Amino acid sequence: MPSAQPLPPTRPRLLRADRIQNFRPSVFTETRELAERYGAIDLGQGAPGLSAPRVLLDDAMAAIAEGHNQYPPAAGLAELRRAIANSRLRRFGIHYDADREVVVTAGATEAVTAALLALCNPGDEVLTLDPCYDAYEAAASLAGARLVAVPLATEGDRFCLDEAALRAAVTPRTRLLLLNSPHNPTGKVFTAAELAAMARVCLDHELTAVTDEVYEHLVYDGAGHHSLASVPGMRERTLVVSSAGKTFNVTGWKVGWACGPGRLVEAVLSVKQFLTFASGTPFQLAVARMLGDEEAWTAALRGTLQRHRDLLRTGLEQAGLRTYRGEGGYFLQADVRGAGYLDGTRFCRDLPARAGVTAIPCSAFRHNPQNPHTDHLVRFSFCKPADVVREATSRLTGKWQA
Ligand SMILES: *Cc1c(COP(=O)(O)O)cnc(C)c1O
């Protein structure tokens, strides 16, 4: 038999599309496995270990029992869209038309992904700050766009915006600015001056802004939340993304939403209808009822998490790790050089066996290889019960001092 031509080596792109070449099981999966293997306290994961409002849970169960179990409209239940618009008006004085300017999504993740798919052409650039939430690169990649992540600067124990660097990163291909404040993974909350600087960049270069505000209720030390949409000139070009998961400790419900000018919301909706179409009818109803009167709950949650942040920060410092301020959200960054490590990834690999705790290396959120501020940092979450945070910090204490 004539020898057949050997098959050309299988090229990876025959198996996986180019746009998902960089998609790998995330560091979170690995960390969860380490946590299980060593019976470690998991301060890597950002899933809240705190309970949800009782009334919210009861409302969801009642909604299921009452038969609200079929598809909601693609844009979300009208009750929820009205409650969202009312809440934005009450809290920020910004009016959104519940019928045209609000869309309910399967979590904030779907809102961000649908926005990038809806607004970016292949080859476009999406500007964000580095390090950043890992779903952003994936969303840009699905859209054929390129994520351009400008390193956050540091100053003492805080992260800050480098406006000149942000401005310098804008090119003719830049399509939008994707901002997350309060910020995951750094705990940074952007100041009014920093938001004004970002607004100038957007206005000067005709950029659309997508702002991921899933931690909008979790800004500590009495500093209120500011939305980029509130900066003059920005409401008409900003899509604001929120999540009931982070606001009410129900991350498994995946109820999120986006508010913005009709043309942006309509674009998101046109993609979203072909991703999930719609989801979570009884959860949407329960969240709608809760949103009428959420401020007492969110104030209490903010107080609790601020105390947990303080516990964790004090504990990490006592254990010899210098920390950055956690101004908002669920996370603190700690510098592992105090434990004799240069590399946060190695520290996080050793930590479960050494101390019975897990954390996530900041480099897992790094997109820009030029970013000098991530290698020696690791992310700890404090969205856990106080005794869990206390136990974790006591496990860390005395583990690496001479
Ligand atoms: C948790 C998180 C999300 C995901 O929100 P869902 O509503 O669960 O999709 C999005 N962005 C950031 C920054 C987050 O931390």
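Structure: see above.
Nothing here was measured: the structure is a model prediction, and the numbers come from that model.

Okay, the side chain of Thr-186 next. Mapped onto the secondary structure, Thr-186 falls in the loop between strand E7 (174-180) and helix H8 (192-204). Residue class for Thr-186 comes out buried when judged on its relative accessible area of 0%. In this structure the side chain of Thr-186 is engaged in a polar contact, spanning 2.7 Å, whose partner is the side chain of His-183. Within the structure, the side chain of Thr-186 is placed 3.1 Å from the backbone nitrogen of Lys-188, a separation counted as a polar contact. Not counting residues up to four positions away in its chain, the partners in contact with Thr-186 are Pro-131, Leu-152, Phe-159, Arg-325, Phe-331 and Gln-333.

A separate point is the nonpolar core. Ranked by size, the top nonpolar core spans 93 residues in total, and within it Val-287, Phe-347 and Phe-380 carry the most contacts. Among the elements that take part in this core, helix H5 (residues 107-119) stands out by supplying seven residues, more than any other. Residues within four places of Phe-347 in sequence aside, it is in contact with Leu-321, Val-336, Ala-339, Tyr-341, Val-378, Phe-380 and Trp-400. Among the nonpolar cores identified, the runner-up in size contains 27 residues, and Val-148, Phe-159, Ala-197 and Val-231 belong to it.

Right, let's get into the packing of helix H2 (residues 27-38) against helix H13 (residues 344-355). Where H2 meets H13, the closest approach of the two axes is 9 Å, and the angle between their N-to-C directions is 20 degrees. Taken together, the axis directions place H2 and H13 in an arrangement best described as roughly parallel. For the element pair H2 and H13, the recorded crossing hand is right-handed. Judged by residue contacts, Glu-30, Leu-34 and Tyr-38 of H2 engage Cys-348, Arg-349, Pro-352 and Ala-353 from H13.

Moving on to the pattern of salt bridges. Going through the model one piece at a time under the given rule, you end up with 28 salt bridges. Ionic pairing is found between Glu-30 and Arg-349, a salt bridge with its closest N-O pair at 3.4 Å. One end of the pair, Glu-30, is in helix H2; the other, Arg-349, is in helix H13, with 319 residues separating them in the sequence. Owing to a relative accessible area of 48%, Arg-349 belongs among the partly exposed residues under this scheme. Taken together, the shared-partner salt bridges connect Arg-88, Arg-91, Glu-213 and Glu-216 into one network.

Let us now look at the packing of helix H4 (residues 78-92) against helix H11 (residues 281-291). Their axes nearest at 8 Å, the elements H4 and H11 cross at an angle of 30 degrees. Judged by the inter-axis angle, H4 sits roughly parallel to H11. In the packing of H4 onto H11, the handedness of the crossing is left-handed. Within the contact between the two elements, H4 uses Glu-79, Leu-80, Ala-83, Ile-84, Ser-87 and Arg-90 and H11 uses Gln-284, Leu-285, Val-287, Ala-288 and Leu-291. Its residues assigned to classes, the contact of H4 with H11 comprises seven nonpolar, two polar and two charged.

Assignment of secondary structure puts Leu-43 in the loop between strand E1 (41-42) and helix H3 (54-65). For Leu-43, a relative accessible area of 0% translates into the label buried. Leave out the neighbours within four places in its chain, and Leu-43 touches Leu-312, Val-357, Thr-358, Ala-359, Arg-379, Phe-380, Ser-381, Lys-384 and Ala-392.

A separate point is the site of the ligand. Every residue near the ligand is listed here: Gly-107, Ala-108, Thr-109, Tyr-133, Asn-180, Asn-184, Asp-212, Val-214, Tyr-215, Ser-243, Lys-246 and Lys-254. Within the contact set of the ligand, an oxygen atom lies 2.8 Å away from a backbone nitrogen or oxygen of Ala-108. Ser-243 is positioned with one of its side-chain polar atoms (N or O) 2.7 Å from an oxygen atom of the ligand. Protein chains bury 93% of the 380 Å² of accessible surface belonging to the ligand in isolation.

Here the focus is the pairing of strand E15 (residues 377-381). Most of E15 is tucked away, with five of its five residues classed as buried. Taking every second residue as pointing to the same face, both faces of E15 are buried, with Leu-377, Arg-379 and Ser-381 on one and Val-378 and Phe-380 on the other. Two strands pair when backbone bridges link them, and strand E12 (residues 331-335) and E15 are joined in this way by five bridges, in the antiparallel orientation. Note that in E15 the partner of Phe-331 across the bridge is Ser-381. Examined bridge by bridge, strand E14 (residues 360-361) and E15 share two bridges and lie antiparallel to one another. Bridging across to E15, Ile-360 finds its partner in Arg-379.

Calculation criteria
Per chain, residue numbering runs from 1 following the sequence as it is written. Note on the predicted model: pLDDT of at least 70 is required for a residue's local features to be given, and 80 or more for side-chain atom pairs to be given and counted; whole-chain, interface and lining totals, by contrast, use all residues. With hydrogens and water stripped out, all remaining heavy atoms of the structure feed into the side-chain values. Helix numbering and strand numbering both begin at the N terminus, where a helix is a DSSP run of H or I of at least 4 residues and a strand a DSSP run of E of at least 2. Note on exposure labels: buried denotes an accessible area under 20% of the residue type's maximum, exposed denotes more than 50%, and partly exposed covers the range between, all computed with a 1.4 Å probe on protein chains only. Any pair of nitrogen or oxygen atoms within 3.5 Å is treated as a polar contact; in protein, a donor-acceptor pairing is required on top of that, and neighbouring residues in sequence qualify only through side-chain atoms on both sides. Should any heavy atoms of two residues lie within 4.5 Å, those residues are counted as being in contact. Think of a nonpolar core as a cluster: buried Ala, Val, Leu, Ile, Met, Phe, Trp, Tyr and Cys residues, connected wherever their side-chain atoms sit within 4.5 Å. To get an axis, fit a line to the C-alpha atoms, keeping to the stretch in contact for a helix; angles then go from 0 to 180 degrees between the N-to-C directions. Angles below 35 degrees are treated as roughly parallel, those above 145 as roughly antiparallel, those between 65 and 115 as roughly perpendicular, and all remaining angles as oblique. Working rule for handedness: look at the near helix, and if it is turned counterclockwise from the far one by less than a right angle, call the crossing left-handed; if clockwise, right-handed. A pair is scored as a salt bridge if a Lys or Arg side-chain nitrogen falls within 4 Å of a carboxyl oxygen belonging to Asp or Glu. Under the scheme applied, nonpolar residues are Ala, Val, Leu, Ile, Met, Phe, Trp, Tyr, Cys and Pro; charged residues are Asp, Glu, Lys and Arg; polar residues are all the others, including Gly. The rule for a residue being near a molecule or strand is that one of its heavy atoms must lie within 4 Å of it. Here the Shrake-Rupley method, with its probe set to 1.4 Å, supplies the accessible areas, and only the displayed protein chains count as covering residues. Paired strands, as defined in this entry, are two strands with at least two bridges between them according to DSSP.

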